[in-house]
Amino acid sequence: MAYTQPRIVVDPPGPKAQAWIQRDESMLSPSLTRSSQLVGLRAEGVFVEDVDGNIFLDFGSGIAVTGLGHRHPDVIAAVKKQLDQLIFVNSLDYFTVPQVEYAEMLFKVTPGNFRKRVFYCNSGSEAIDTAIKMAKWHTRRAYGIGYINGFHGRTIGAVSFTTTGAPARRGFAPMYPIGHFVPYPYCYRCLFNREYPSCDLYCMNYLTDIMLKKITPADEVAFILVEPIQGAGGYIVPPKEFLPRLQQICRDQGILLILDEVQSGFGRTGKMFASQAFGIEPDIMAVSKALAHGLPAGAAIARAEVMNWEPGAHEGTLNGGPVIMEAAKAVLQVIAKEKLLKKSAEQGAYLKDQLLQLQKRYPLIGDVRGLGLMVGIELIKDSRKTPALKERNKLLDEAFKRGLLLLGAGESSIRLAPPLIITREQIDIGLSIIEDCLKRITSGR
Ligand SMILES: Cc1ncc(COP(=O)(O)O)c(C=O)c1O
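Thresholds applied
Residues numbered from 1 in each chain as written. Predicted model: local features only at pLDDT ≥ 70, side-chain atom pairs only at ≥ 80, totals over all residues. Heavy atoms only, no water. Helix = DSSP H or I, 4+ residues; strand = E, 2+ residues; numbered from the N terminus. Contact = heavy atoms within 4.5 Å. Polar contact = N/O pair within 3.5 Å; in protein donor to acceptor, adjacent residues only side chain to side chain. Core = buried A, V, L, I, M, F, W, Y, C linked by side-chain atoms within 4.5 Å. Buried < 20%, exposed > 50% of the residue type's maximum accessible area, 1.4 Å probe, protein only. Domains from an automatic or database assignment. Near = heavy atom within 4 Å. Areas by Shrake-Rupley, 256 points an atom, 1.4 Å probe, with all protein chains shown as cover. Nonpolar A, V, L, I, M, F, W, Y, C, P; charged D, E, K, R; others polar. Pairing = 2+ DSSP bridges. Axes fitted to C-alpha atoms, helices over the stretch in contact; angles between N-to-C directions. Lys, Arg positive; Asp, Glu negative; His and termini not counted. Salt bridge = Lys/Arg side-chain N within 4 Å of Asp/Glu carboxyl O. Buried area = accessible area lost by both parts, 1.4 Å probe.

### Some remarks on the environment of S91
- Its location among the elements puts S91 in the loop between helix 3 (73-83) and helix 4 (97-109).
- Residues S91 and L318, spaced 227 residues apart in sequence, show a C-alpha to C-alpha distance of 7.4 Å.
- Every residue in contact with S91, bar those within four places of it in the chain, is listed here: Q99, G316, T317 and N319.
- Side-chain polar atoms of S91 contact the backbone oxygen of N319, separated by 3.1 Å.

As structure tokens, this is what we get:
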């Protein structure tokens with residue numbers, strides 16, 4: 001069935017969804033956040049249907065995963081073809097064709113005109129762990145530096161550099177024992193109470209004058225790990241000169257720059273990778289999420305001279321299976337064929353512009369920011385920018401009841417990351433639902 005718009009036939013979660021949720025909750029790990037009560041049954045394009053027959057417009061792409069829209073026919077065809085041919089030989093001991101073919105395609109679209117190597121894995125966290133291990137192995141330096149409010153995943157290596165909130169870290173110390181943190185340029189809430197651009201990125205002085213001089217001597221730092229746009233932290237877009245400056249600091253000090261493009265990659269920002277939007281060429285890049293259209297996949301791509309570890313230093317049984325690699329190849333082909341980078345840039349600009357209009361009518365929206373279809377809004381209670389956490393959660397809830405899937409981020413932000421194939425009409429439908437919810441929330445009903 002082709003979906004054309006959201007349709008709520010029974011208040012979600014409906015009876016079938018409730019029954020599944022109850023069974024799920026008695027068996028699955030309580031560590032899962034489950035911010036919404038969606039029980040998905042099928043999906044197509046920009047729509048998801050739940051077990052009760054409710055149809056939702058997906059403004060989150062399953063957290064920036066289904067960028068091509070759900071179940072893209074080209075990816076399905078590629079996967080089916082591969083399933084009929086070869087599902088698995090382990091890639092520790094043997095070779096497969098799709099891994100090589102995908103590497104060749106990937107190197108053409110990743111930043112940097114230098115020789116590269118890739119390590120395939122199964123998730124964003126694994127890609128980050130790979131990058132961290134590789135940087136340590138290559139430099140033989142001890143320290144790693146991350147950013148406050150950064151999100152990099154949940155494996156013990158990745159979570160060591162995740163600082164979006166206490167629950168991710170509580171109970172797990174000691175983690176990676178030599179990770180240190182510096183402030184991200186979150187200009188809407190500057191830690192130093194400065195204003196951009198007159199601040200000249202004052203926050204970066206903390207890295208150069210304090211961290212690298214007094215805490216972690218620069219010549220003992222293996223890597224700096226950073227998201228080009230903070231994702232789970234609140235869709236925070238740094239000023240355009242931040243990453244080029246950071247890259248220069250790293251190069252001057254022989255520190256490897258690891259860019260976490262897990263969420264921002266594969267067209268999300270209007271470029272294939274956010275690095276290209278900011279004009280940088282990281283030494284190591286971690287990708288996942290949209291890589292294989294929702295099949296479990298991750299990768300760390302590095303300058304060839306950086307990925308120079310020895311056999312046995314890092315491997316994984318299921319890594320880069322042929323079915324996943326065929327899906328990943330199809331993803332890159334579809335992005336090119338359907339001109340999704342251009343669409344992401346254009347529709348993203350439209351979405352952001354419309355949200356700025358909405359902000360004028362609803363002071364609850366304190367900030368609107370984004371690049372391409374990676375757009376965030378931050379909700380505030382008053383002119384002192386008190387985070388409107390309750391109102392944010394209410395908005396997510398109300399939108400869900402009206403058939404719009406939205407995801408939260410940061411303390412009181414919402415991420416808008418619809419599939420890159422979304423049309424203006426579909427954006428307008430989503431926006432009118434958001435406005436409806438804002439009306440209800442601000443009128444206190
Ligand atoms: C920027 C970023 N890095 C890493 C991760 C971890 O990826 P995964 O959940 O696949 O382990 C995420 C997941 O949301 C992410 O957004």
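### Some words on the nonpolar core
- L207, L246, F266 and L406 are the most contacted members of the largest nonpolar core, which totals 100 residues.
- Top contributing element to this core by residue count: helix 11 (residues 322-337), with ten residues.
- When residues of this core are assigned to domains, at least three map to each of domain 1 (15-72 + 339-442) and domain 2 (74-337).
- What L246 contacts, discounting residues up to four positions off in sequence, is Y147, M204, L207, I224, V226 and L257.

### What about the side chain of H152?
- Along the chain, the position of H152 falls in the loop between strand 5 (143-147) and helix 6 (156-159).
- For H152, a relative accessible area of 4% corresponds to the buried category.
- A polar contact is formed between the side chain of H152 and the side chain of D260, at a distance of 2.7 Å.
- What H152 contacts, discounting residues up to four positions off in sequence, is G124, S125, I128, A158, F161, T162, L225, V226, E227 and D260.

### Topic: the site of the ligand
- The local shell around the ligand consists of S123, G124, S125, F151, H152, G153, R154, E227, D260, V262, Q263 and K289.
- One of the backbone N or O atoms of F151 is found 3.4 Å from a nitrogen atom in the ligand.
- At a separation of 2.6 Å, a nitrogen atom of the ligand approaches a polar side-chain atom of D260.
- Protein chains bury 87% of the 390 Å² of accessible surface belonging to the ligand in isolation.
- Grouping the constituent residues of the shell around the ligand by class yields two nonpolar, six polar and four charged.

### Structural notes on the sheet that holds strand 15 (residues 413-416)
- One open sheet holds the four strands; their spatial order is 11-12-15-14, and the pairing between them is antiparallel. In this open sheet, the two edge strands, each paired with only one partner strand, are strand 11 (365-371) and strand 14 (407-409). Pairwise comparison of adjacent strand axes, ignoring direction, gives a mean angle of 30 degrees for this sheet.
- Examined bridge by bridge, strand 14 and strand 15 share three bridges and lie antiparallel to one another.

### A look at the side chain of R392
- Relative to the helices and strands, R392 resides in helix 13 (residues 389-401).
- In this structure R392 is buried but unpaired, with E411 as the nearest side chain of opposite charge at 8.5 Å.
- Not counting the four nearest positions on each side in its chain, R392 is found in contact with L379, G408, A409, G410, E411, S412, S413 and I414.

### Looking at the domain arrangement of the protein chain
- Under the domain assignment, the protein chain is made up of domain 1 (15-72 + 339-442) and domain 2 (74-337).
- Its C-alpha centre places domain 1 at a distance of 25 Å from the equivalent point of domain 2.
- With 40 residues of domain 1 at the interface, the matching set in domain 2 holds 34 residues.
- Here domain 1 meets domain 2 over a buried area of about 3000 Å², counting both sides, of which 60% is carbon and sulfur.
- Here R189 and E378 are joined by a salt bridge, their closest N and O atoms 2.6 Å apart.
- In this structure, the connection of domain 1 to domain 2 is made through 27 residue pairs in polar contact (both at pLDDT 80 or more).
- When residues of the side of domain 1 that touches domain 2 are traced back to their parent elements, those giving at least two are helix 2 (61-64), helix 12 (340-361), strand 11, strand 12 (374-379) and strand 15.
- With five residues, the single largest contributor to the side of domain 1 that touches domain 2 is strand 11.
- Considering only residue class, the side of domain 1 that touches domain 2 consists of 19 nonpolar, 14 polar and seven charged.

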